[in-house]
Amino acid sequence: MTTTTTTTRRGFVGTAHTRLEGRDKVTGAARYAGEIPFTGLAHGWLVLSTVARGRIRSLETAPVLAMPGVLAVLHHENAPRVDSDYIGMLGAPPDPSVALFQHERVPHLGWPVALVVAETSEQAREAAEALAVHYEQEPHDIAFHSGRPEAYPLDGHMPGVAEKGDLESALSAAAVVVDAEYTTPEEHHNPMEPHAATAHWDGGRLDVVDSNQGTTWVAGELSKLFSLDPAAVRVRSEHIGGGFGSKGVRAHQVAAVMAATVLQRPVRVVMTRRQMFSLAGYRSPTTQRVRLGADADGRLRALEHQCLSVTSTVHEFVEPGAGPARVMYDADAHHTANRVLRLDVPTPTWMRAPGEAPGSFALEAALDELAGKCGIDPIELRVRNEPERGPVSGLPFSSRNLLGCFREGARRFGWADRDPRPGRSRDGRWLLGTGTAAASFPVGAAPSTAALTAEPDGTFTVRIAAADIGTGARTALTLVAADALEVAPDRIRVRVGDSDFGPAMIAGGSMGTRSWAWAVLTAAGELRERLVPGAAVPPEGVTVRSDTSAAVGALASKERHSFGAQFAEVAVDAATGEVRVRRMLGVFAAGRMVNPLTARSQFVGGMVWGISMALHEEAVRDRSSGGTVGADLAGYHVATHADVPEIEAHWIDDPDPDDPVGIKGVGEIGIVGAAAAIANAVWHATGVRHRNLPIRPDRVLAGLPDGDGASRA
Ligand code: MOS
């Protein structure tokens, strides 16, 4: 922390405020990227490959160019060249699907092969659908399963493999062993607002109006791709209808920039919902093997968590499902590994709680299985296995309030009254059960820049390239600034979503609000030093700009995480196999809540995702075409109101001691452990262990005694 950072007083931070832009959003006054008017706007429509592997032999562009309104067809023979050989802001090279139209190879179904640009969106679509593309098709391979020997360990934001102790001997010495394979399907982000960008050249500067999770991030990637001076690229993204990890640099912005460059007029490219299933990234399916060995009293002696995920043939991305085991539980023998398999599929990407979401399902379900085998209450099992230090890192925890979450959650949920035996509770045709699971998510902060201006009229303007992807970040930063400047929030104007405001953390990794608040606070401290008490502010205002690189970089090396305890009650229809979640409750230790109203929405939203993950979401790839079946919101069901019961999210006091506001981050932990809690509750209701998500009615029926004969766990 720098010396100029002030500490917020207990003031507006911690009190509930509705979103500042809420009225604009519900009245339609807030404009999203795809609906902002531009003079002379042309519309681009992406054409995606219809084969899963091969080469483009030819494109019949002439008939399409003769269609009404068509202005251009960009493809690998005529598109501007880009440079995709770089490491981006997040330390990774770009997903090659953004290096559009550079060669004739097709690495997966839905690979962008052309952009048709026309005067109207309808003309562009008509022409794009008429464009004949001929391929040399090659056999593709999309078979994802644990028996593939080509899988290899991959370091993501964590090591691929971490091993200590002799696993096999620890397992054979254990009194109780759980050895099980769990699977999770391919899942898609499906933000409400599709990806959309408009690019145009404005006085020698590239101006892109987009929907993304970080304007300086996307601007940086575009400047590298197109070999432009970073100062010559401006990206704006004022309102964003969700992102969840999918809204970085993607094909739509690159296509829009290419077309705007070729045509020298504004060009908009919007992804359709169906295209998003190929172009927006997704969460890899996983197969996970968990082996636990414990003493009769439940103390772990051996822990193995292997996670296999998929990546494309053109880019490496790992879904690190073995990560939570490195934080949650220790054992003499502790082996974790994240492996990937390269197939002819699109490259997956970060999706809300990457690694933790699927990894916690397997790990926390395995813990529940162990509790059952040991005859120990699942919460007590976790109490007995609380580690002193990071099981893999050996580092102390900056704070670890997991057991506090379980205590508070058990009290509120009424856990003490639970009969631990499965299949004992009924309500008519419904079998009832309850389950619990632990949650964790890493805590971090990244350098950001904020500019604060004291205006002559006594108000303050905050400028920061934050992204309010629907979380309420704008409102949270207003409260932080109000406390730091000791003025009411209505005297603060926070402007976000503009790369011209300088480098800033993205809305990602549950690190956005914390990173931005730190910068705002630092700048506020400097501004207060500059303002002379009682003196008038000059007509041009007083602006300070502050960068937290040094302060954030000085964070000591510790295990830093949020924690949580998830509880679910389910009812299982023994006749149809339908699972209904009757109630859910989560208690979190996730730092200081800046705005309890919107923080609660983050937790509840994550828990809804957990219901969706446990019971509904599943993208099915068709082996013959290599594409996703039912790539729309009818074919891919996300939990909606009718699926979601009363959800309670609570938190315990857990300010981060190393953050000037006490923030940890709340964006992702709500989904962690949620699917496991539901699966554990389904076991408690039925006596059948479901290790494959989603827990569909056919799977439930197959497991019940009157089902098709599948054996009980
Ligand atoms: Mo998130 S998956 O860090 O947007």
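You'll find the structure just up there.
Since the structure is predicted, the reported quantities are computational estimates derived from the model, not experimental observations. (Residues numbered from 1 in each chain as written. Predicted model: local features only at pLDDT ≥ 70, side-chain atom pairs only at ≥ 80, totals over all residues. Heavy atoms only, no water.)

For helix H6 (residues 251-263), which comprises 13 residues, the first-to-last C-alpha distance of 18 Å matches the rise-based estimate of 18 Å (1.5 Å per residue) to within 8%. Every buried residue of H6 is accounted for by Ala251, His252, Gln253, Val254, Ala255, Ala256, Val257, Met258, Ala259 and Ala260. Where H6 terminates, the next one or two residues include Gln264, which has phi positive at roughly 55°. (Helix = DSSP H or I, 4+ residues; strand = E, 2+ residues; numbered from the N terminus. Expected span 1.5 Å × (residues − 1). Buried < 20%, exposed > 50% of the residue type's maximum accessible area, 1.4 Å probe, protein only.)

Nonpolar side chains tend to gather and get buried jointly when the protein is soluble and globular. The biggest cluster of nonpolar side chains holds 87 residues, and the ones touching the most others in it are Tyr182, Leu292, Leu370, Phe567, Val570, Met584 and Ile678. The contacts of Phe567, once residues within four sequence positions are left out, are Ile379, Phe406, Gly409, Ala410, Phe413, Trp415, Gly435, Thr436, Arg583, Met584, Leu585 and Ala677. With 46 residues, the next largest nonpolar core counts Ile464, Ile469, Val487 and Ala504 among its residues. (Core = buried A, V, L, I, M, F, W, Y, C linked by side-chain atoms within 4.5 Å. Contact = heavy atoms within 4.5 Å.)

The subject of this paragraph is the environment of Arg148. For Arg148, the position within the fold is in the loop between strand S6 (132-137) and strand S7 (152-153). Considered as a pair, Arg148 and Met584 are 436 residues apart in the sequence and their alpha carbons are 37 Å apart. Apart from the residues lying within four places of it in its own chain, the contact partners of Arg148 are Asp141, Ala143, Leu341 and Leu343. Among the polar contacts made by the side chain of Arg148, one reaches the side chain of Glu150 at a distance of 2.7 Å. (Polar contact = N/O pair within 3.5 Å; in protein donor to acceptor, adjacent residues only side chain to side chain.)

This part takes up the environment of Asn78. Looking at where Asn78 falls in the secondary structure, it is placed in the loop between strand S3 (70-74) and strand S4 (105-106). Taking C-alpha positions, Asn78 is 8.9 Å from Gln102, a pair spaced 24 residues apart along the chain. A polar side-chain atom of Asn78 sits 2.8 Å from the main-chain carbonyl oxygen of Val73. Polar contacts involving the side chain of Asn78 include one to the main-chain amide nitrogen of His75, which spans 2.8 Å.

Turning to the sheet that holds strand S13 (residues 267-270), a few remarks are in order. Read across the open sheet, the seven strands follow the order S3-S5-S1-S13-S10-S11-S12; overall the sheet is mixed. If you trace the sheet from one side to the other, it starts and ends with S3 and strand S12 (233-236), each paired once. The sheet shows a mean angle of 20° between the axes of neighbouring strands, taken without regard to direction. With four bridges joining them, strand S11 (residues 205-210) and S12 adopt parallel strand pairing. When the bridges of S12 are listed, Val208 appears paired with Val235. Taken strand by strand, helix H5 (residues 215-225) contacts S11 and S12, and its axis lies near 145° from that of S12. Lying on the sheet, H6 is in contact with strand S1 (42-48), S3, strand S5 (112-118), strand S10 (196-202), S11 and S13; it crosses S10 at an angle near 30°. (Pairing = 2+ DSSP bridges. Axes fitted to C-alpha atoms, helices over the stretch in contact; angles between N-to-C directions.)

Within this structure, the stated rule accounts for 47 salt bridges. Of the charged contacts in the structure, one is a salt bridge between Glu119 and Arg265, with a shortest N-O distance of 2.9 Å. Of this pair, Glu119 sits in the loop between S5 and helix H3 (121-130) while Arg265 sits in the loop between H6 and S13; the two residues are 146 residues apart in sequence, bridging distant segments of the chain. Bridged by salt links that share partners, the residues Glu21, Lys25, Asp468 and Arg474 form one connected network. (Salt bridge = Lys/Arg side-chain N within 4 Å of Asp/Glu carboxyl O.)

This paragraph deals with the packing of helix H9 (residues 356-374) against helix H16 (residues 674-686). Here H9 crosses H16 at 35°, and the two axes come no closer than 8 Å. Where H9 crosses over H16, the handedness of that crossing is right-handed. Residues Ser360, Phe361, Glu364, Ala365 and Asp368 of H9 pack against Ala675, Ala676, Ala679, Asn680 and Trp683 of H16. Residues belonging to the contact of H9 with H16 are distributed by class as follows: six nonpolar, two polar and two charged. (Left-handed = near helix turned anticlockwise from the far one by under 90°. Nonpolar A, V, L, I, M, F, W, Y, C, P; charged D, E, K, R; others polar.)

Our focus in this paragraph is unusual backbone geometry. Of note, the amide linkage connecting Leu693 to Pro694 takes the cis form, showing an omega dihedral of -5°. Tracing the sequence through the fold places Pro694 in the loop between H16 and helix H17 (697-703). Phi at Asn190 takes a positive value of approximately 45°, unusual for a residue other than glycine. Looking at where Asn190 falls in the secondary structure, it is placed in the loop between strand S9 (176-184) and S10. Although it is not a glycine, Glu486 adopts a positive phi angle of roughly 55°. Take Glu486: it is sitting in the loop between helix H12 (473-485) and strand S21 (492-495). Glu486 sits in the partly exposed class, given a relative accessible area of 44%.

Attention now moves to a nonpolar patch on the surface. Residues Met89, Leu90 and Trp350 make up a contiguous nonpolar surface patch of roughly 250 Å² in combined accessible area. Summarising the element assignment, Met89 is placed in the loop between S3 and S4. (Patch = residues over 30% accessible without salt bridge, like charges linked within 9 Å, V, L, I, M, F, W, Y side chains within 5 Å. Areas by Shrake-Rupley, 256 points an atom, 1.4 Å probe, with all protein chains shown as cover.)

All quantities given are derived from atomic positions and should not be read as evidence of function.
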